[in-house]
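Architecture and fold: a report
The lines below spell out each chain.
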Amino acid sequence: MLQKDLVPPHTGQRPAKVDYKRIATEEAFAPPDLFDMYRKVLADGKADAGFTSLWAFYLSSEAARPQHIRKYIQDLDAARIAHMDEAGIDVQVLSLTSPGVQVFDADTAVSYARSANDYLAEAVRRHPARFVGLTAIAPQNPTEAAKEIERGATQLGMKGVIVNSHTQGEYLSDPKFWDIFAAAEAFDMPVYLHPSSPPPKMIEPFMEAGLDGAIYGFGVDTGLAALRTITAGVFDRFPRLQMILGHMGEALPYWAYRLDYMHAATVRSQRYASMQALQRRPSDYLRENFYITNSGVAWEQAIRFAQEFMGVDRVMYAMDYPYQHVLDEVIALDNMNMAPEIKKAFFQTNAERLFKIG
Ligand code: 1DF
Ligand code: MN
């Protein structure tokens, strides 16, 4: 059936009580000093165009949405939990907001990641039934990032790792970063590959059209970052590694046929030294080494396609609070035409299994 209005209309209604838990898996927070540090990076003129476009806006705009985000992203207590209760969100899987520490110099990034992780772990200790934490890392120092993954897993009770698409123009497909994947695999920590703005070499045509942010640039850069890990052979080297992509897999499920066809053709014709044969097809890695969430996309047709392609065990719910805090989206997802056990897998049990919750 043709769906006319993709974005649900505002009804002012609250989600109903349901017989599954709603676990939201891509929910952002910012410690109290993060914005001061971001302001300093902006003032120093050191940040790239993507960071500057994003955070100069969110830190200074007086429009309603950025004000809402500034206010609630810093709360890890009553205000956030009141919003969760109102939206019927039982659990938030929390991560340091994008681009986290990846905009800082290496030493600052390493030390700030530690303190942000300590801060998050405290919040999870205060609200153990409501919050789950992911470990933020500084790819600028892969050795320290690997140690922080271990500390998160063994001392802080973290359930995964958060990292954003690129680090000052460098992608995790570069083997110099692979200690990060080794640690994530060894400690059984899924890696949420979250968007950030495209890097300087890529951003100009996005910026001139106003498309660098969450509307499109985020997804393009993050899909690219994920695809690069596949084609670089990360999952041949770390076959048990699991990664998570938001925003319906940053469109990669829709690309899967083309990726398989063109990867095979390119390898056969030996066109690029950087594109070598893999043990499996690109789509196999997507289906065996990735989970995806619907963050920012409360769209049944897209979710059903993803479930068909990925399997119903690999598609999870996310709200993207506070960036996309829309109760009508929760209602729309509750009302998806889907077998009850599949809806429960989407909202609850897939996240429980992957993040070892409860
Ligand atoms: C936005 C969207 C910003 C997402 C985010 O972090 C973010 C946005 C700075 O709308 O500008 O995580 N998102 O994941 O869609
Ligand atoms: Mn997000």
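Structural notes, computed from the coordinates. (Residues numbered from 1 in each chain as written. Chains lettered and ligands numbered in written order. Predicted model: local features only at pLDDT ≥ 70, side-chain atom pairs only at ≥ 80, totals over all residues. Heavy atoms only, no water.)

A look at the overall build of the protein
Put simply, the rule is: A helix here means a DSSP run of H or I that spans at least four residues, while a strand means a run of E at least two residues long, and both kinds are numbered starting from the N terminus. Using C-alpha atoms as the atom set, the radius of gyration is obtained and then compared with a globule rule of 2.2 Å times the number of residues to the power 0.38. Working definition of accessibility: Shrake-Rupley area with a 1.4 Å probe, residue cover restricted to the visible protein chains. The positive count covers Lys and Arg only, the negative count covers Asp and Glu only, and His and the chain ends enter neither. By convention, the charge on Lys lies at NZ, on Arg at CZ, on Asp at CG and on Glu at CD.
A tally of regular secondary structure across the protein gives 16 helices and 11 strands. In terms of overall dimensions, the protein is globule-like: its C-alpha atoms have a radius of gyration of 19 Å, near the 21 Å expected for 358 residues. When the backbone C-alpha atoms are referred to their principal axes, the protein occupies close to 55 × 50 × 45 Å. Summed over all atoms, the accessible surface of the protein reaches about 16200 Å², with 54% contributed by carbon and sulfur. Here the protein holds 36 positive side-chain charges and 44 negative ones, and the gap between their average locations is 3 Å.

Here's the deal with the coordination of the manganese ion (ligand 2)
The condition that has to hold: Each metal site lists N, O and S donors within 2.8 Å (3.2 Å for Na, K and Ca). With water left out of the atoms, a site can look as if it is missing ligands. Any residue under 20% of the maximum accessible area for its type is buried, any over 50% is exposed, and the rest in between are partly exposed; the area is computed with a 1.4 Å probe on protein chains only.
Those donors, Glu-26 (OE), His-194 (NE2) and Asp-320 (OD), are the protein atoms that reach the manganese ion (ligand 2), and they lie 2.0 to 2.5 Å from it. When the donors of the manganese ion (ligand 2) are listed by position in the chain, the intervening gaps give E-x167-H-x125-D. Residue Glu-26 is found in strand E1 (residues 23-29), and its partner Asp-320 is found in the loop between strand E11 (315-316) and helix H15 (327-334); the two are separated by 294 residues along the sequence. We note that Glu-26, like Asp-320, is buried.

Brief notes about the side chain of Ser-61
The cut-off we apply is this: Between two residues, a contact is recorded if the distance between any of their heavy atoms is within 4.5 Å.
Tracing the backbone through its elements, the reader meets Ser-61 in the loop between helix H2 (49-60) and helix H3 (64-73). Ignoring sequence-local partners within four residues, the contact set of Ser-61 consists of Ala-56, Pro-66, Gln-67 and Arg-70.

A few points about the site of ligand 1
Formally: Working definition: residue near molecule or strand if any one of its non-hydrogen atoms lies within 4 Å of it. Counted as a polar contact is a pair of N or O atoms within 3.5 Å, where, for protein atoms, one must be capable of donating a hydrogen and the other of accepting one, and residues adjacent in sequence contribute only when both atoms are in side chains. Just so you know the grouping, Ala, Val, Leu, Ile, Met, Phe, Trp, Tyr, Cys and Pro go in nonpolar, Asp, Glu, Lys and Arg go in charged, and all remaining residues, Gly too, go in polar.
As a structural note, the neighbourhood of ligand 1 is formed by 13 residues, with Glu-26, Tyr-58, Arg-65, His-194 and Asp-320 the closest of them. Within the side chain of Arg-65, a nitrogen or oxygen atom sits 2.9 Å from an oxygen atom of ligand 1. The separation between an oxygen atom of ligand 1 and a polar side-chain atom of His-247 is 3.0 Å. It is H2 that provides the largest number of residues to the shell around ligand 1, a total of 3 residues. Within the shell around ligand 1, the residues separate by chemical class into 6 nonpolar, 4 polar and 3 charged.

A closer look at the nonpolar core
This is how it is decided: The set of buried Ala, Val, Leu, Ile, Met, Phe, Trp, Tyr and Cys residues whose side-chain atoms join them within 4.5 Å is what this entry labels a nonpolar core.
Membership of the largest hydrophobic core comes to 114 residues, with the highest contact counts inside it found for Tyr-38, Trp-55, Phe-104, Leu-241, Phe-290, Tyr-317 and Phe-355. The element best represented in this core is helix H5 (residues 106-126), accounting for 9 residues. Setting aside its immediate chain neighbours within four residues, Tyr-38 contacts Phe-51, Trp-55, Leu-59, Thr-97, Ser-98, Pro-99, Gly-100, Val-103 and Phe-104.

Considering the packing of aromatic side chains
Put simply, the rule is: Pairing of aromatic rings covers Phe, Tyr and Trp, the last through its six-membered ring, and needs centres within 6.5 Å; plane angles under 30 degrees mean stacked, over 60 mean edge-to-face, and all others mean tilted.
In this structure the tally under the stated criterion is 19 aromatic pairs. Judged by centre distance (4.8 Å) and plane angle (15°), the rings of Tyr-20 and Phe-347 are stacked. Placement of the pair is Tyr-20 in the segment before E1 and Phe-347 in helix H16 (residues 340-355), with a sequence separation of 327 residues. For the pair formed by Tyr-20 and Phe-347, the shared burial category is buried. Summarising the aromatic geometry, the rings of Tyr-38 and Phe-104 are spaced 5.9 Å apart at their centres and angled 50° between planes, so their arrangement reads as tilted. Taken together, the residues span a long stretch of sequence, with Tyr-38 in helix H1 (residues 34-43) and Phe-104 in the loop between strand E2 (91-96) and H5 at a distance of 66 residues. Phe-104 carries the same exposure label as Tyr-38, and that label is buried.

Comments concerning the pattern of salt bridges
Heads up, the rule is: By definition here, a salt bridge exists when the distance from a side-chain nitrogen of Lys or Arg to a carboxyl oxygen of Asp or Glu is within 4 Å.
Under the defined criterion, the tally for this structure stands at 17 salt bridges. The salt bridge involving Glu-170 is made with Lys-176; its shortest N-O contact spans 2.7 Å. Two residues, Arg-280 and Glu-288, come together in a salt bridge whose shortest N-O distance is 2.5 Å. Look at Arg-280 and you get partly exposed, because its relative accessible area is 23%. One network of salt bridges, with partners in common, ties together Lys-40, Asp-44 and Lys-46.

Describing the sheet that holds strand E10 (residues 290-293)
Using the following cut-off: A pair of strands is considered paired only if DSSP assigns at least 2 bridges between the two.
The sheet built from 6 strands is open, its strands ordered E4-E5-E8-E9-E10-E11 with parallel pairing. A single partner strand is all that each edge strand has here, and the edge strands are strand E4 (135-136) and E11. As paired elements, strand E5 (residues 161-164) and strand E8 (residues 191-194) share 4 bridges and run parallel to each other. Paired with Ile-162 across the two strands is Tyr-192, which belongs to E8.

Digging into a nonpolar patch on the surface
How we decide: Exposure above 30% relative accessible area and no salt bridge define the residues that can form patches, which grow by joining like charges within 9 Å and nonpolar side chains of Val, Leu, Ile, Met, Phe, Trp and Tyr within 5 Å.
There is a patch of nonpolar side chains on the surface, built from Leu-6, Val-7 and Trp-299 and spanning about 290 Å² of accessible area. By the element assignment, Val-7 lies in the segment before E1. On the accessibility criterion, Val-7 (64% relative accessible area) is exposed.

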